[in-house]
Amino acid sequence: MEQALGGRAPAQLIDLPLLTDPGMGLAANLLASVSAPAYFYAQKLFVLLTLRLVRVSLEHGHSRHASNGYALYGLILSNLLGDPDKGLRFSQLAVELSARFGEPVSHARALYIQAGYIDYWTRSARAGIPPLATAYKLLLENGDWQYAGYCFAFLIRRRFAVGDHLSALATALQQFIDLQPQMDSDNTYTQWAFRQLILRLTGAEAQRAQFHFIRWPASKAYVTQVLTEEYYLFRQPEQALAMAEELATLRSTSPGAFMLTTHALYHALSAAAVYPGASEARKPGLLAVVERQCDYLEQCARRVPENFAPSHLLVRAELERVNGHHLPALTHYEHAIQAARTSGFTSMEALACEQTCRFLADQERGALASAYLLESLNAYERWGASGKARHLAAEFAHLLHAQGHALESWNPERGPTSEPASADPLSEALDMSSVMKASQAISSELQWSQLATNLIDILIENAGAQRGALVLQRQRDFFVEVVGEVGQGSGPLVPARRLTECDALSPRIAQLVLSTGSPLLIDDACAQEPFQAEPYIARRAVRSVLCAPIHHRKRLLGLVYLENNLTAGAFNAHRLRVLGMLSAQAAIS
């Protein structure tokens, strides 16, 4: 191949003449038709066919199949020969050449191969999502159902890997399944398996399906990977390990796929989870699995830290844990969490926080374990994995009840009380997570205007309010300092406006709270005396209101005002206590 290239760079091949030999045209057509299927079933043959297709283009000129050969050659360079930079250049040649030929199917296939198999070795995995989506749309529009199925499988897995919200993925999967009459049955069944996992993560009801009748090895590999993740995420590590071991025998069906790094991650995690309870005879083999997959993920992370550092650091932490190196383990767990946050991978952030919690709980460091548990629950909720969050909350209910009791019993006016904790540990956990997040945001902010804006943003988010305001005392009068509203953002009023002259909140409710020094919780202001007659309440059709004073060392500093105009009873006493804790933290700062 290097001799045929003659030292030319991929970009220099774009202007090769067109293929005019009819016999070579038929050969190119045949090679293009069989090279892609050979990828799944006979990789050595796939390489030979691809190289021959590229040589036809180099020696006889470009046909409409030339882009397919260049794209597949880029795949070989990136994944089998370890040269992703050169592979990316050949895939880019394929994309440009297919666009020049005006062949939408060839163009879509080139985009699919580049984004699905090549570019994640050189740039962000998230960057490949738009071209995969474009390729999928083109393939559907042009009736290439088989490649559309392949492309969708890569697109949905990529979106899952980078932590796109699960509700959007569930919708996309259902739309794909609705195309079942046109799609290959194997591909449809594989997406049924993936949909089951996503629905279980979200907490929705999922109809269990059987997949023993799937025919092709690549489809079996896909389903086995999905089952590996499901078993592991829902705490069945032995079953997860068995699936991961089975998948190891099927890896050759899809060399270079992004999913291979996911297999390495869950293979290592499941082996590490089984390790503590394994027999002494079994432990060396499990340790070898973790070490081998850690080395592989380290190689991947060196290529593109953004894509693979979170997985590598998490597996490195697990390796340190099973080896009994507790301090290095905790350090790597923390680095894995930070790497996931830097990459924007919400799902990996949630998983890394969960593993850190488990590690600390095993060390009987309950208070620190609780902190990481709260972070994990918060991240799972942001990902849309409410079902997983509730499963995790139930498993660690003893930690949550300890934290939840402190939250429920705290009253900023009277100190600790003897009120019982809530029966819902997840609600408590998410409230505690908001308190922790607020405390960090408030205590780390030195600029007063930004501190106040942070406070209102967090209060609106935590309470489920639509609108909020912060009122503070200046000399002998009270001024509205900050106003925030969902969809419009928050910010300080410049200059601050007197409470009696500002239309950003109900002055009657604010004055009542300031005069009594006590919080006020109203379920339906526009239907409740004496508030319904107030012009502000009537004009904005205000429903739920939560207003609480801010005290520091028994001195009244101001108040926080929240409202929700969509529903009555949006706030409750539990939210009022959280509001008191957050307001008290702001007062101290």
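I will try to describe carefully the structure that is included in this document. Remember, predicted model here, so these are calculated numbers, not experimental data. (Residues numbered from 1 in each chain as written. Predicted model: local features only at pLDDT ≥ 70, side-chain atom pairs only at ≥ 80, totals over all residues. Heavy atoms only, no water.)

Running from amino to carboxyl end, helix 8 (residues 145-161) crosses helix 11 (residues 217-233) at an angle of 20 degrees, the nearest separation of the two axes being 13 Å. Of the possible angle classes, the one that applies to helix 8 and helix 11 is roughly parallel. Handedness of the crossing formed by helix 8 with helix 11: left-handed. Contacts between helix 8 and helix 11 involve Ala153, Ile156, Arg157 and Phe160 from the first element and Tyr222, Gln225, Val226 and Glu229 from the second. (Axes fitted to C-alpha atoms, helices over the stretch in contact; angles between N-to-C directions. Helix = DSSP H or I, 4+ residues; strand = E, 2+ residues; numbered from the N terminus. Parallel < 35°, antiparallel > 145°, perpendicular 65-115°, else oblique. Left-handed = near helix turned anticlockwise from the far one by under 90°. Contact = heavy atoms within 4.5 Å.)

Helix length check: helix 14 (residues 283-303) (21 residues) gives 31 Å between terminal C-alpha atoms against 30 Å at 1.5 Å per residue, within 8%. If you check which residues of helix 14 are buried, you get Lys283, Leu286, Leu287, Val289, Val290, Gln293, Cys294, Leu297, Cys300 and Ala301. Down the axis of helix 14, the buried side of the element spans an arc of 150 degrees, and every buried residue falls inside it. Opposite the packed face of helix 14, turned more than 90 degrees from it, sit the exposed residues Pro284, Gln299 and Arg302. In this structure, the buried residues of helix 14 make contact with helix 12 (237-248), helix 13 (259-274) and helix 15 (305-322). (Expected span 1.5 Å × (residues − 1). Buried < 20%, exposed > 50% of the residue type's maximum accessible area, 1.4 Å probe, protein only. Arc of directions from axis to C-beta.)

A word on the pattern of salt bridges. In the structure shown here, the tally under the stated rule is 27 salt bridges. One salt bridge in this structure joins lysine 283 and glutamate 280, with 3.4 Å as the shortest N-O distance. Two residues, arginine 316 and glutamate 298, come together in a salt bridge whose shortest N-O distance is 3.8 Å. With arginine 316 in helix 15 and glutamate 298 in helix 14, this residue pair connects regions lying 18 residues apart in the sequence. When its relative accessible area of 24% is taken as the criterion, glutamate 298 is described as partly exposed. Taken together, the shared-partner salt bridges connect Arg341, Glu349, Glu375 and Arg382 into one network. (Salt bridge = Lys/Arg side-chain N within 4 Å of Asp/Glu carboxyl O.)

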